[in-house]
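# Remarks on the overall topology
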Amino acid sequence: MMAGLIAITATVGSDQRMEADARATLETFHVKGNAKDLDGLMEYIHDDCIVSSANQDLIRGREAFRNMYARMLSAYTNINLSVDIVETRTVGEEVEIMWYTVGRRTNATTGVVENLRSANMALFKYDQAGKMRFYRVSNHPAEPATP
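Residues numbered from 1 in each chain as written. Predicted model: local features only at pLDDT ≥ 70, side-chain atom pairs only at ≥ 80, totals over all residues. Heavy atoms only, no water.

### Re the pairing of strand β4 (residues 94–107)
Note that strand β3 (residues 76–91) and β4 share 14 bridges and pair antiparallel. Considered in β4, the bridge of Val83 is made with Thr101. Where β3 folds back onto β4 in an antiparallel hairpin, the turn is made up of two residues, including Gly92, whose phi is positive at roughly 65°. Of the strand pairs in this sheet, β4 and strand β5 (residues 113–126) are connected by 13 bridges, and their pairing is antiparallel. Looking at β5, one finds that Met98 is bridged to Met121. In sequence, β4 turns back onto β5 through a hairpin of five residues, with Gly111 there showing a positive phi of about 80°. (Pairing = 2+ DSSP bridges. Helix = DSSP H or I, 4+ residues; strand = E, 2+ residues; numbered from the N terminus.)

### Digging into the nonpolar core
With 28 residues, the main nonpolar core has Phe29, Phe65, Tyr69, Ile97, Phe124 and Phe134 as its most contacted residues. Sorting the residues of this core by element identifies α1 (2–34), α2 (38–42), β1 (45–53), α3 (62–74), β3, β4, β5 and β6 (132–141) as the ones contributing at least two each. Beyond its immediate stretch of four places on either side in the chain, Phe65 contacts Phe29, Met42, Ile45, Val51 and Ile59. (Core = buried A, V, L, I, M, F, W, Y, C linked by side-chain atoms within 4.5 Å. Buried < 20%, exposed > 50% of the residue type's maximum accessible area, 1.4 Å probe, protein only. Contact = heavy atoms within 4.5 Å.)

### Some points on the side chain of Asn107
With respect to the helices and strands, Asn107 occurs in strand β4. The exposure class assigned to Asn107 is buried, which follows from its relative accessible area of 17%. Within the local environment of Asn107, its side chain forms a polar contact with the backbone nitrogen of Thr109, the two atoms lying 2.8 Å apart. Of the polar contacts made by the side chain of Asn107, one reaches the backbone nitrogen of Thr110; its length is 3.0 Å. (Polar contact = N/O pair within 3.5 Å; in protein donor to acceptor, adjacent residues only side chain to side chain.)

### Focus: the environment of Ser14
Residue position: Ser14 is located in helix α1. Residue Ser14 is classed as partly exposed on the basis of its relative accessible area, which comes to 27%. Separated by 79 residues in sequence, Ser14 and Glu93 place their C-alpha atoms 10.0 Å apart.

### Points about the sheet that holds β5
Taken together, six strands build an open sheet; the order of strands is β2-β1-β6-β5-β4-β3 and the sheet is mixed. In the strand order of this sheet, the two ends are held by β2 (59–60) and β3, each with one partner. Of the strands in this sheet, β1, β2, β3, β4 and β6 are in contact with α3, which crosses β1 at around 55°. (Axes fitted to C-alpha atoms, helices over the stretch in contact; angles between N-to-C directions.)

### A look at the pattern of salt bridges
All told, the structure shown has eight salt bridges when counted by the stated rule. A salt bridge links Lys32 to Asp37; its shortest N-O distance comes to 3.8 Å. Owing to a relative accessible area of 24%, Lys32 belongs among the partly exposed residues under this scheme. Of the residues examined, Asp37 reaches a relative accessible area of 28% and is grouped as partly exposed. Ionic pairing is found between Glu96 and Arg89, a salt bridge with its closest N-O pair at 2.7 Å. The partly exposed category is assigned to Arg89, whose relative accessible area is 40%. (Salt bridge = Lys/Arg side-chain N within 4 Å of Asp/Glu carboxyl O.)

### Describing the packing of aromatic side chains
Following the criterion strictly, the structure yields six aromatic pairs and no others. Taken together, a centroid distance of 5.6 Å and an interplanar angle of 80° make the contact between Phe29 and Tyr69 edge-to-face. Placement of the pair is Phe29 in helix α1 and Tyr69 in helix α3, with a sequence separation of 40 residues. When sorted by exposure, Phe29 lands in the same class as Tyr69, which is buried. Between the aromatic rings of Phe65 and Tyr69, the centroid separation amounts to 4.8 Å while the plane-to-plane angle is 20°, which identifies the pairing as stacked. (Phe/Tyr/Trp six-rings, centres within 6.5 Å; stacked < 30°, edge-to-face > 60°.)

Right, dumping it as structure tokens:
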């Protein structure tokens with residue numbers, strides 16, 4: 001009976017470690033984005049990453065992700081976004097996180113400060129080197145929360 005308890009504890013500990021790694025990946029990714037550090041962002045993207053965003057085709061793979069983010073980062077002079085995590089759970093060898101990205105960014109062409117709030121869901125998983133990375137991502141504009 002004791003061996004069964006140990007196995008359950010090991011699994012829960014593994015889930016907690018995976019979730020902590022995925023949260024750290026998400027939070028560091030946003031720090032790199034605010035700093036407009038494209039190479040830093042790419043450290044957190046799985047080779048087989050697929051991104052679904054409103055009003056654009058699926059982004060497939062690291063190079064397509066780099067191109068999308070290079071365009072986005074160049075479109076804004078100041079980016080100040082934060083993460084509001086709603087739910088985190090482990091599903092097999094992947095971690096699912098649902099969150100809102102909230103904040104402001106300044107349009108590089110017009111100088112207009114834009115408020116941003118997007119609803120996001122991503123699956124994170126370890127790559128072959130053991131680093132937690134974004135694997136599947138979906139993000140879409142969201143209405144401000146009502147009190």
